[in-house]
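Below, each chain spelled out in residue letters.
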Amino acid sequence: MTFVVHGLPVSRGIAIGRAVIVASSRANVAHYFIAPDQVRSEIDRLRLARDGVVMEIEALQQSLGDEAQDAHPELSALLDVHLMLLQDEQLSHGVRQWVVDRHYNAEWALSAQYEVIARQFDEMEDPYLRERKADLEQVVERMLRIMRGQATLAAPAQTPGNEGPLVLIAHDLSPADMLQFKNSVFAGFVTDVGGKTSHTAIVARSMDIPAVVGARSASHLVVQDDWVVIDGDAGVVIVDPSASVLAEYSAKQKRGEVERERLLRLKSTPAVTLDGHRIELLANIEQPGDVQAALRAGAVGVGLFRTEFLFMGRGAQMPDEEEQYHAYREVVEGMQGLPVTIRTIDVGADKPLDGHGREGSHLNPALGLRAIRWSLAEPAMFLLQLRAVLRAAAHGSVHLLIPMLAHASEIRQTLAMVRRAREQLDAQGKVHGPVKLGAMIEIPAAALTVPLFLQHFDFLSIGTNDLIQYTLAIDRADETVAHLYDPLHPAVLQLVSQTIAQCQAQGKGVSVCGEMAGDVGMTRLLLGLGLRSFSMHPSQILQVKQQILRCDAGKLGAWAHSVLQAEDPAALMAD
Ligand code: PEP
Ligand code: MG
């Protein structure tokens, strides 16, 4: 039966495919198709993992000894349950089917079958049996851990299985999970939680696949293998669509593809308004691999490299100076002489390093130890990153951008750290290059003290995602208050407008690198407020450029200022 789930539109386009339900704890297992001749070896990996867990449990039972088993009958019974689950036909047969019929890799097949059985446990009347789901989960996690330790025998197959496209449905996905999916087989995704500018949504946009977040209970309502339409423009998920609905969305999907092809023709057209203002369109990237997308979209530089994505999901293994230097250098060289803005690490809030949040920062992470606060609290890590950036600057034009500054003391400490990093490089005889220094304006306190920032920095970049969050006291990752997250709130517009005006008055560069810059509905307003530099996901650049080519920036000035003065700016946006 067809039904519709509503959420927030975060990444445009239409995806049609079969649902793959993934619990977030298993989201970071690899998902890829194997070639038919790899079926045998994948099943062997599963068998080895299962035998490994059986051995672990049996060893545990032995180490307990008879006496301890008598003393702890519950523990002993629990281990028996785990052994029983491992031998369960439904688990082993089901996993096999996913590998044989669908050509899922072993980890994916195991997670998929876990989801099927877990649902059955959820529906059981008997509370004791219902709770066995936790045991199943532990057994599956143990198997996954063993498989993680094995060399992967199967290389991903180039072509997907024969059942057509797949879409991912999850309760929640951390930004680190999302990175895992970046090169995966999924044509779209839906999460129950998340706001429009949550980092999960941001990574989805950078992947350029249709996505809906904040769809509340989608992961419970949708069943593994259901056919699903994701309308990333409207924020709607249609489950089990009828033939006519499917035909309608297939047509819409084709129209979208044609439109994208058409936009590609603008790639090399300079972004110049009708009255001759040249506009800089830069790319936001998360990984060195994103450079190709930036160039394909005709970006004239990288306006925001969110370096924290290099650090995420790596447990205790942080990238060292060499690894970071090579990553930054790869971007600088990949951009072929175009400027690259490297932002120092911005972890914390909805971007925990390990996917689970930092101890002690859970009270109010968005107001806690994140971004520059974190870097200044971890001086050795900060210096290491600064050295890596300064070394990469010897290979091209690098701008160094600092997130979340608010206090004069933070500015002083940061500048001292940059000097110190240079001294360390000199002492080690390592080559480094000049950088332009920039600060992000993403806290109202910073937007209200722009002159202080302009004394110390060469340029400013307005992070509207956080500026809106902190001005309106709305957690950007919380779907329950997403309706109050308003880029057009007069207070937000005042802060953005004043920041632009003060930079221009002093001849300093200013750009917007928050999601507002890539929102084609905001282009006219930002141009009217005097903005000449926009940084956004590569997938948004051509649409924004198309809009710029149709605008007369001079004429937009008076209108933009009337929007700024209005009680209800949104009402004037269509004028
Ligand atoms: C912002 O806050 O607008 C921004 C660009 O930074 P991030 O989204 O990474 O917090
Ligand atoms: Mg920010």
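What is the right way to read the overall build of the chain from this model?
What the chain contains, in helices and strands, is 22 helices and 16 strands. By the compact-globule yardstick of 25 Å for 575 residues, the chain fits well, its C-alpha radius of gyration being 26 Å. Overall, the C-alpha framework of the chain stretches about 80 × 65 × 45 Å when taken along its three principal axes. Here the chain holds 575 residues, and the buried ones make up 54% of them. Across the chain, the fraction of contacts at a sequence separation of at least 24, relative to all contacts at a separation of at least 6, is 72%. As displayed, the chain offers around 24100 Å² of accessible surface, 54% of which is attributable to carbon and sulfur atoms. Side-chain charges in the chain split into 52 positive and 70 negative, and the spacing between the mean points of these groups amounts to 9 Å.

Explain the packing of aromatic side chains to me, please; I cannot follow it from the model alone.
The relative placement of two aromatic rings is captured by the distance of their centres and the angle of their planes. What the rule picks out here adds up to seven aromatic pairs. Between Trp-98 and Tyr-104, the ring centres sit 5.3 Å apart and the planes meet at 10 degrees, which makes this aromatic pair stacked. For the ring pair Trp-108 and Phe-186, a centre distance of 5.7 Å and an interplane angle of 65 degrees mean the geometry is edge-to-face. Linking Trp-108 in helix H4 (residues 106–122) with Phe-186 in strand E5 (residues 186–191), this pair joins segments that are 78 residues apart in sequence.

Quick question: what am I supposed to make of the nonpolar core here?
Nonpolar side chains in soluble globular proteins tend to end up buried together. Leu-281, Tyr-328, Phe-453, Phe-457, Leu-460, Leu-525 and Phe-534 are the most contacted members of the largest nonpolar core, which totals 98 residues. Per element, the largest residue contribution to this core is seven residues, and it comes from helix H13 (residues 379–392). Those residues in contact with Tyr-328 that lie beyond four places of it in its chain are Phe-305, Thr-307, Leu-310, Phe-311, Ile-342, Gln-385, Ala-388, Val-389 and Ala-392. In terms of nonpolar packing, the next biggest core, distinct from the first, is built from 61 residues, Phe-33, Val-53, Val-95 and Phe-309 among them.

Help me understand the packing of helix H9 (residues 243–263) against helix H20 (residues 538–549), please; the structure alone is not making it clear to me.
To characterise two packed helices, one gives the angle between the axes of the helices and the distance between these axes. It is the contact of H9 with H20, at a shortest axis distance of 10 Å, that shows an interaxial angle of 70 degrees. As the angle between them shows, H9 and H20 are arranged roughly perpendicular. Seen from above, H9 lies across H20 with left-handed handedness. Across the interface between the two elements, Glu-259, Arg-262 and Leu-263 from H9 touch Leu-542, Gln-543 and Gln-546 from H20.

I tried to follow the site of ligand 1 on my own but got confused; where do I start?
Taken together, 17 residues are adjacent to ligand 1, and Arg-306, Arg-343, Gly-463, Asn-465 and Arg-476 come closest. A distance of 3.1 Å separates an oxygen atom of ligand 1 from a polar side-chain atom of His-199. In this structure, Glu-442 approaches ligand 1 through a side-chain N or O atom, which is 3.0 Å from an oxygen atom. About the coverage of ligand 1: the protein hides 100% of its 280 Å² of free accessible area. At the level of secondary structure, the elements contributing two or more residues to the shell around ligand 1 comprise helix H7 (199–207), strand E10 (302–306) and helix H17 (464–472). Examining the composition of the shell around ligand 1, we find that three residues originate from one element, H17, more than from any other. In terms of residue class, the shell around ligand 1 is built from four nonpolar, five polar and eight charged.

What is the right way to look at the pattern of salt bridges in this model?
Oppositely charged side chains are able to pair whenever their charged atoms sit close together. All chains considered together, the criterion is met by 28 salt bridges. One salt bridge in this structure joins Arg-205 and Glu-515, with 2.0 Å as the shortest N-O distance. Here Arg-205, found in helix H7, pairs with Glu-515, found in the loop between strand E15 (509–512) and helix H19 (523–528); they are 310 residues apart in sequence, far enough to count as distant. Put simply, Asp-346 and Arg-343 hold a salt bridge, and the shortest N to O gap is 3.6 Å. Accessibility assignment for this pair places Asp-346 and Arg-343 in one class, buried. One continuous salt-bridge network, built from bridges that share partners, spans Glu-308, Arg-343, Asp-346, Arg-370, Asp-466 and Arg-476.

Help me out: how do you make sense of the domain arrangement of the chain in this one?
Quoted interface sizes are often the accessible area lost when the parts come together. What the domain assignment reports for the chain is domain 1 (1–242) and domain 2 (271–353 + 367–572). Measuring from the centre of the C-alpha atoms in domain 1 to the corresponding centre in domain 2 gives 35 Å. Counting residues at the interface gives 21 residues for domain 1, matched by 22 residues for domain 2. Carbon and sulfur atoms make up 58% of the surface buried where domain 1 meets domain 2, a total of about 1900 Å² over both sides. Between domain 1 and domain 2 we count one salt bridge in total. Put simply, domain 1 and domain 2 have nine residue pairs in polar contact (both at pLDDT 80 or more) between them. Secondary-structure elements contributing two or more residues to the side of domain 1 that touches domain 2 are helix H6 (175–181) and H7. With five residues, the single largest contributor to the side of domain 1 that touches domain 2 is H7. Across the side of domain 1 that touches domain 2, the residue classes break down as seven nonpolar, seven polar and seven charged.

Would you take a moment to explain unusual backbone geometry for this structure?
Peptide bonds are trans in most cases, and residues, glycine excluded, mostly fall at negative phi. Phi at Gln-336 takes a positive value of approximately 50 degrees, unusual for a residue other than glycine. Relative to the elements of secondary structure, Gln-336 occurs in the loop between helix H11 (321–334) and strand E11 (340–343). Judged by relative accessible area, which is 62%, Gln-336 ranks as exposed. Residues other than glycine seldom take positive phi values, yet Ala-473 does so here, at roughly 55 degrees. When you line up the elements, Ala-473 lands in the loop between H17 and helix H18 (490–505). Residue classification places Ala-473 among the exposed residues on the basis of a relative accessible area of 69%.

Thresholds applied
- Residues numbered from 1 in each chain as written.
- Chains lettered and ligands numbered in written order.
- Predicted model: local features only at pLDDT ≥ 70, side-chain atom pairs only at ≥ 80, totals over all residues.
- Heavy atoms only, no water.
- Helix = DSSP H or I, 4+ residues; strand = E, 2+ residues; numbered from the N terminus.
- Rg over C-alpha atoms; globule rule 2.2 N^0.38 Å.
- Buried < 20%, exposed > 50% of the residue type's maximum accessible area, 1.4 Å probe, protein only.
- Contact = heavy atoms within 4.5 Å.
- Areas by Shrake-Rupley, 256 points an atom, 1.4 Å probe, with all protein chains shown as cover.
- Lys, Arg positive; Asp, Glu negative; His and termini not counted.
- Charge placed at Lys NZ, Arg CZ, Asp CG, Glu CD.
- Phe/Tyr/Trp six-rings, centres within 6.5 Å; stacked < 30°, edge-to-face > 60°.
- Core = buried A, V, L, I, M, F, W, Y, C linked by side-chain atoms within 4.5 Å.
- Axes fitted to C-alpha atoms, helices over the stretch in contact; angles between N-to-C directions.
- Parallel < 35°, antiparallel > 145°, perpendicular 65-115°, else oblique.
- Left-handed = near helix turned anticlockwise from the far one by under 90°.
- Near = heavy atom within 4 Å.
- Polar contact = N/O pair within 3.5 Å; in protein donor to acceptor, adjacent residues only side chain to side chain.
- Nonpolar A, V, L, I, M, F, W, Y, C, P; charged D, E, K, R; others polar.
- Salt bridge = Lys/Arg side-chain N within 4 Å of Asp/Glu carboxyl O.
- Domains from an automatic or database assignment.
- Buried area = accessible area lost by both parts, 1.4 Å probe.

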